[in-house]
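Residue strings, one per chain:
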Amino acid sequence: MSSAFKNFCITFGIGLLVFGLLGVFLVYPLITDETENPTDTSNTDISSTDPVETSDTESAEPVINGNTFTAVIIGKATDGLAASIIYMRANEGTQTFTYCFIPTDTKASNNIGKNEPLKYLLARIDGSSALNKLSSLLGVRIDYYAILGEDELAAIADRFTNAKFNLPNEIRYADPNAENPQDPFGDTSTPEVVVPAGDNKLDGELVHKIMAYNPTTNNEEYHVLTKQLYEAVFTQFFTDPGTKKNREAISSLFGVVTNTNLNAVIVEEYMDLIFTYDIYRRNEIKISSSSDWTKIAPMFRD
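We now turn to the structure provided with this report. If you're wondering where the values come from, they're calculated on a predicted model, not measured in any experiment.

With that settled, the discussion passes to the pattern of salt bridges. A complete count under the given rule lists six salt bridges for this structure. In this structure, the salt-bridge partner of Glu205 is Lys209, at a minimum N-O distance of 3.3 Å. Here Glu205 pairs with Lys209, and both are found in helix α5 (residues 204–211), just four residues apart, close to one helical turn. One salt bridge in this structure joins Glu231 and Lys227, with 3.0 Å as the shortest N-O distance. Of the two residues, Glu231 and Lys227 both sit in helix α6 (residues 219–237), four residues apart, roughly one turn of that helix. The network of salt bridges with common partners includes Glu170, Arg172 and Glu192.

Our focus in this paragraph is the sheet that holds strand β1 (residues 68–76). If you trace the five strands from one edge of the open sheet to the other, you get β6-β1-β2-β3-β11, paired in mixed fashion. At either end of the open sheet lies a strand with only one pairing partner, and these are β6 (144–148) and β11 (281–284). Averaged over all neighbouring strand pairs, the angle between strand axes comes to 15 degrees, with direction disregarded. Two strands pair when backbone bridges link them, and β1 and strand β2 (residues 82–91) are joined in this way by nine bridges, in the antiparallel orientation. The partner of Thr68 across the bridge, within β2, is Asn91. Docked against the sheet, helix α3 (residues 127–138) engages β1, β2, β3 (96–102) and β6, running at close to 120 degrees with respect to β6.

Here we take up the packing of aromatic side chains. Summed over all chains, the structure comprises seven aromatic pairs. Between Phe101 and Phe234, the aromatic rings sit 6.0 Å apart at their centres with planes inclined by 85 degrees, giving edge-to-face as the arrangement. Remark: Phe234 occurs in helix α6 and Phe101 occurs in strand β3; sequence separation between them is 133 residues. According to the relative accessible area criterion, Phe101 is buried, its value standing at 16%. Look at Phe234 and you get buried, because its relative accessible area is 6%.

Residues Phe69, Phe165, Leu202, Ile210 and Leu229 are the most contacted members of the largest nonpolar core, which totals 52 residues. Excluding its chain neighbours within four sequence positions, the residues that come into contact with Phe69 are Met88, Arg89, Ala90, Tyr144, Leu262, Tyr270, Leu273 and Ile274. Formed by 25 residues, the second largest nonpolar core is a distinct cluster that contains Val72, Ile74, Leu118 and Leu121.

Moving on to the pairing of β6. Every regular strand shows the same layout, with side chains that alternate between the two sheet faces. Burial runs high along β6: five of the five residues are buried. Of the two faces of β6, the one carrying Tyr144, Ala146 and Leu148 and the one carrying Tyr145 and Ile147 are both buried. Pairing of β1 with β6, which is carried by five bridges, proceeds in the parallel orientation. Within the sheet, the bridge partner assigned to Ala71 lies in β6 and is Tyr144.

Along the chain, Thr104 turns up in the loop between β3 and β4 (107–109). Filtering out sequence-adjacent residues up to four positions away, Thr104 remains in contact with Ala82, Ala83, Ser84, Ile85, Pro117, Leu118 and Lys119.

Summarising the element assignment, Ile296 is placed in helix α9 (residues 293–296). C-alpha of Ile296 to C-alpha of Lys286: the two residues are ten residues apart in sequence and 9.3 Å apart in space. Here Ile296 is in contact with Ile287 and Ser291, once residues within four sequence places are set aside.

Analysis parameters
- Residues numbered from 1 in each chain as written.
- Predicted model: local features only at pLDDT ≥ 70, side-chain atom pairs only at ≥ 80, totals over all residues.
- Heavy atoms only, no water.
- Salt bridge = Lys/Arg side-chain N within 4 Å of Asp/Glu carboxyl O.
- Helix = DSSP H or I, 4+ residues; strand = E, 2+ residues; numbered from the N terminus.
- Pairing = 2+ DSSP bridges.
- Axes fitted to C-alpha atoms, helices over the stretch in contact; angles between N-to-C directions.
- Contact = heavy atoms within 4.5 Å.
- Phe/Tyr/Trp six-rings, centres within 6.5 Å; stacked < 30°, edge-to-face > 60°.
- Buried < 20%, exposed > 50% of the residue type's maximum accessible area, 1.4 Å probe, protein only.
- Core = buried A, V, L, I, M, F, W, Y, C linked by side-chain atoms within 4.5 Å.

And the structure:
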């Protein structure tokens, strides 16, 4: 075999080896990656009814139809979760008083882009962040917020005159504040708190009794009652019997409600507009957590 032919065979063999190595380490991984991670999105789930969260609050435009007052009231349970979310708007231009009880299991995106129920999300963020989050969700700019707890709700209820709260079932539990002295006859029963079913006077005492009820052993029932309590207070606040347009009662609340961007000066400025609930057309927007928010959001601009 001539040396030229031998050199050609050696060179050809080395070339095949090099191209083989290139194929194994460069080309094959690219082919495998493309096969395992195709760009076809035909299986993407787009049927979810979770609300679409906007990326910023610039998309939440104000409703400009004359003088307008917009606010959201967040009522918290004793465990810190949001039990009730109430949106309200008084619009001078359209002569409409709008309100909505937003379901707390409605989902919105958190700071890592995951959807989670508002009752958990609003428990972790401050009032300004909650205002931005809800403004983005509803698609309208909300100017004011107030976050209430048990003591604030009780203080508001104590301003009422002849207001009632209908309790669907009797509640009964051991009184956590009662002393249990030694009974010489051996009676070791624990004093109980009992609230009968039916209409009860809506005042601070009732608020404390309901919100102290069974907060750990039956969270679902407890949160339902707390939600109903907040909504009953709001509804009675803007109907008769309620505050009956008591300006002093509203102004005095700002010594109690501190987690808010409202103050007595702002409230006095909008007082006449706030008290239009029985003059303007009253519009309640009814939604559920499974509502299609692409259809619901425009309702907040009417």
